[in-house]
Every structure is written in C-alpha cells, then in structure tokens.
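The residues making up each chain are set out below.
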Amino acid sequence: MCIAMPLRAEQGTISLVLENDVFARTDRGYTNGLRWSWLSGPSAPGEPAKQLANALSLGPSDAVVRGSLELGQAMYTPDDLSRAQPDPTDRPYAGWLYLAGGIAAKSDSVLEQFVGSVGVVGRYSGASATQRKLHRVTGAEAPQGWDAQLPTEPTLQLFYGRSRRYELTRTALAEVDVIPHAGAALGNVFIYGDVGLSLRAGRNFAEGFGAPRVQPNLPGSDYFRTNGAFGWYVFGGVNGRAVARNLLLDGSTFEDSPRVKHRPFVGDSQLGFALTWSGVRLALAHVWRTKEFHGQSYSQRFGVISLSLQY
C-alpha cells in the first residue's frame with residue numbers, strides 16, 4: 001500500500017543546468033551549455049502569464065499556468081582546437097547567448113511549454129572568452145580558432161513542446177511512468193520538429209516531467225513538486241529531430257561565413273538518475289547524439305548536471 005502525502009507548497013523554482021562534454025572526456029562539437037532559469041508559482045486569472053496562455057490556447061481554461069525567465073549560453077567548436085584556421089569540413093566555432101521568457105500550462109497529466117528568446121551569435125555571445133579562460137584555469141589545450149567563429153548575428157527563436165505523463169505502475173516499493181513528447185522550434189537559429197519519450201522508475205516520485213535541459217535536447221521541465229520526503233528515480237529517453245535549419249552549422253543568415261551541411265535527422269538518447277527531497281531536485285545524465293552534419297567523423301557525447309530549488 002502506498003501512503004499519499006500532501007505536496008509541498010510551491011511559490012517558484014530556480015534551476016541551474018550545466019551540459020559539458022568534459023564528462024565524456026572529449027572537447028569538441030557541442031562542448032558546453034549553461035542555463036539559469038526561474039519559474040513562477042501558479043498565475044492567477046488576469047495575470048500576464050495566464051492571459052498569454054489563453055491567447056495562445058495553451059492548455060484548457062482551468063490549466064495551472066506559470067511564467068518563466070531564463071538566461072543561457074551554448075558553445076560549439078570543431079574537433080581540432082590547435083588550428084588557427086579551422087578545418088573547413090568540420091563545424092565552425094560558434095557561441096550563442098540568449099535571454100528567454102515563456103509560459104508553462106499544466107492540466108492533469110499534460111504539460112505544454114512555449115518559450116521565446118532573443119539573443120546573439122558571434123563574439124558578443126562571450127563563448128570565446130569563456131572557453132579560453134576555462135582552458136587556462138584547467139590547463140587544457142588552448143583553442144586557437146575563435147577568431148574564425150561565426151560572425152555576429154542577432155537571434156529570435158521560438159520553442160513549443162507538449163508532454164503527457166502516463167503512470168504505468170505505483171506500489172509501496174516502486175513507481176514507473178512514461179512521458180511521450182512532441183515539439184517544434186522556429187527562428188533564425190533552429191527550425192525543427194521533434195518527437196520522443198522518456199521512461200522513469202523509482203520511488204516517491206516528484207510530480208513533474210523530467211529535469212530541465214538546454215535546447216535543442218530531450219525536453220524536461222523546471223516544474224516539479226515534492227511531498228517533502230526523499231525520492232529517487234532512474235530515467236532514460238530518446239528523441240528524434242527533423243531539422244530544416246541549424247544556424248550553428250549552416251552559417252550566417254546575412255553574410256558569407258564558415259559552414260557545413262546539416263543532416264536532416266538527428267537523434268538523442270540519455271540515461272541518468274535524479275534525487276528529490278523537500279523542494280530540491282538534483283539530476284545527472286549522460287547523452288549520446290548522432291552525427292549532426294555531413295562529413296562529421298564522430299558522434300557527440302556529453303554529461304548533464306541540473307539542480308532545481310523551490311522557494
């Protein structure tokens with residue numbers, strides 16, 4: 001028999017996500033992603049987040065709506081960091097810095113998320129300075145090719161995702177659920193559609209849809225709620241994207257720049273585990289990504305650490 005406990009009162013959530021290929025002992029491709037985010041508590045009728053959800057028909061009228069803000073940076077490099085003139089057949093150096101706002105609408109076992117961001121690709125993203133400084137501190141090989149990174153370009157990007165949670169079993173000893181998802185991205189950085197699913201197994205699950213991630217990736221959510229007791233779960237997932245555009249591979253929209261030809265289909269898979277307790281969620285995962293462009297000689301691997309705190 002499973003004893004139900006009341007969910008912890010929730011006002012808001014702060015999350016920090018770090019994705020880096022150092023956890024896979026590589027230093028190439030998608031090499032670092034950092035995301036800080038804030039998710040509000042439930043919005044009352046008439047508040048901006050609720051009004052926007054209604055205008056976008058995001059969830060039913062009685063859905064619980066939360067607003068969000070996030071700041072993120074993503075960094076991409078070729079395989080050979082020693083070349084001042086990077087290999088033209090490998091992906092170009094690129095950095096992306098963005099500020100995003102969004103809404104999440106939850107109803108029963110369904111979560112819909114809509115996020116819009118503005119940002120910049122190029123030297124104002126700060127990716128060059130960030131990697132060079134980190135490599136000096138850690139004693140890693142100094143990247144030589146950032147002067148050839150993609151040129152400065154402002155970005156406007158939209159993401160939409162829908163996830164549904166199905167509980168497969170719940171007993172006093174174990175819980176198992178599956179979360180299929182679908183989504184799309186539209187903007188001058190990414191244009192794609194994606195589908196996939198995640199499977200979780202553990203005990204005393206936090207209510208939620210998986211730990212947050214840096215996009216594009218397997219979806220998750222800043223949203224979660226605990227009953228105050230310790231909980232844990234292991235998880236795995238797969239995701240497939242049909243890609244029409246990837247600025248970070250295809251090159252500048254407005255001028256000549258380094259570029260490679262993106263592959264039209266990209267897949268991600270992941271394995272990890274999460275711990276939850278009294279408004280805290282800590283998750284670690286390892287991600288495998290298929291080749292993203294024609295001529296790529298390696299598949300991508302990287303690790304993820306995320307920490308979410310309710311207040």
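Up top is the structure these notes are about.
Since the structure is predicted, the reported quantities are computational estimates derived from the model, not experimental observations.

Peer 1: Could you give an account of the overall build of the protein, naming the residues involved and the relevant values?
Peer 2: Across its full length, the protein holds three helices and 15 strands. In terms of C-alpha radius of gyration, the protein reaches 20 Å, essentially the compact-globule figure of 19 Å for 311 residues. Counting only C-alpha atoms, the protein reaches 65 × 40 × 35 Å along its principal axes. Going through the 311 residues of the protein one by one, you find that 52% of them count as buried.

Peer 1: Describe the side chain of Q310, listing the residues and the values that go with them.
Peer 2: Relative to the assigned elements, Q310 resides in strand β15 (residues 300–310). Judged by its relative accessible area of 8%, Q310 is buried. There is a polar contact of 2.2 Å between the side chain of Q310 and the backbone oxygen of F224.

Peer 1: Can you lay out the pairing of strand β2 (residues 29–40) for me, pointing to particular residues and giving the numbers?
Peer 2: For β2, the buried fraction is high: nine of the 12 residues fall into the buried class. Pairing analysis gives 10 bridges linking β2 to strand β3 (residues 64–77), with the strands arranged antiparallel. Directly across from S37, in β3, lies its bridge partner E70.

Peer 1: Help me get a handle on unusual backbone geometry, residues and values and all.
Peer 2: The amide bond that connects Q215 to the next residue, P216, takes the cis arrangement and shows omega of 5°. The residue S57 is not glycine, and still its phi comes out positive at about 55°. In this fold, S57 is placed in the loop between α1 (48–55) and β3. Relative accessible area serves as the criterion here: at 58%, S57 is assigned to the exposed category. With a phi angle near 55°, N204 is a residue other than glycine that sits in the positive phi range.

Peer 1: Outline the pattern of salt bridges, listing residues and values.
Peer 2: Scanning all chains against the criterion turns up 14 salt bridges. The salt bridge partner of E19 is R213, with a shortest N-O separation of 3.0 Å. Placement of E19 in strand β1 (residues 12–20) and of R213 in the loop between β10 (207–208) and β11 (224–225) is noted, with a sequence separation of 194 residues between them. Salt-bridge contacts for D79 lead to R28; the nearest nitrogen and oxygen are separated by 3.5 Å. Here R28 lies in the loop between β1 and β2 and D79 lies in the loop between β3 and β4 (94–107), a separation of 51 residues in the sequence. A residue is classified by how much of its surface remains accessible, and R28, at 22% relative accessible area, is partly exposed. Shared partners join several salt bridges into a network, and the residues in it are R165, E167, R170, E175, D177 and R200.

Rules used throughout
- Counting of residues starts from 1 at the beginning of each chain's written sequence and follows it residue by residue.
- Only residues with pLDDT of 70 or above have their local features reported here, since the model is predicted, and side-chain atom pairs are shown and tallied only from 80 upward, although totals for entire chains, interfaces and linings are computed over all residues.
- With hydrogens and water stripped out, all remaining heavy atoms of the structure feed into the side-chain values.
- A run of H or I in DSSP counts as a helix once it spans at least four residues, and a run of E counts as a strand once it spans at least two, with each numbered from the N terminus.
- C-alpha atoms define the radius of gyration in this analysis, and the globule rule sets the expected value at 2.2 Å times the number of residues to the power 0.38.
- Three labels apply to residues, based on accessible area from a 1.4 Å probe with only protein chains included: buried if under 20% of the type maximum, exposed if over 50%, partly exposed otherwise in between.
- Throughout this description, a polar contact denotes any pair of N or O atoms lying within 3.5 Å of each other; where both atoms belong to protein, one of them has to be capable of donating a hydrogen while the other can accept it, and for residues adjacent in sequence the pair is counted only when both atoms sit in side chains.
- One requirement defines pairing of two strands: DSSP has to find at least two bridges between them.
- The term salt bridge refers to a side-chain nitrogen of Lys or Arg lying within 4 Å of a carboxyl oxygen of Asp or Glu.

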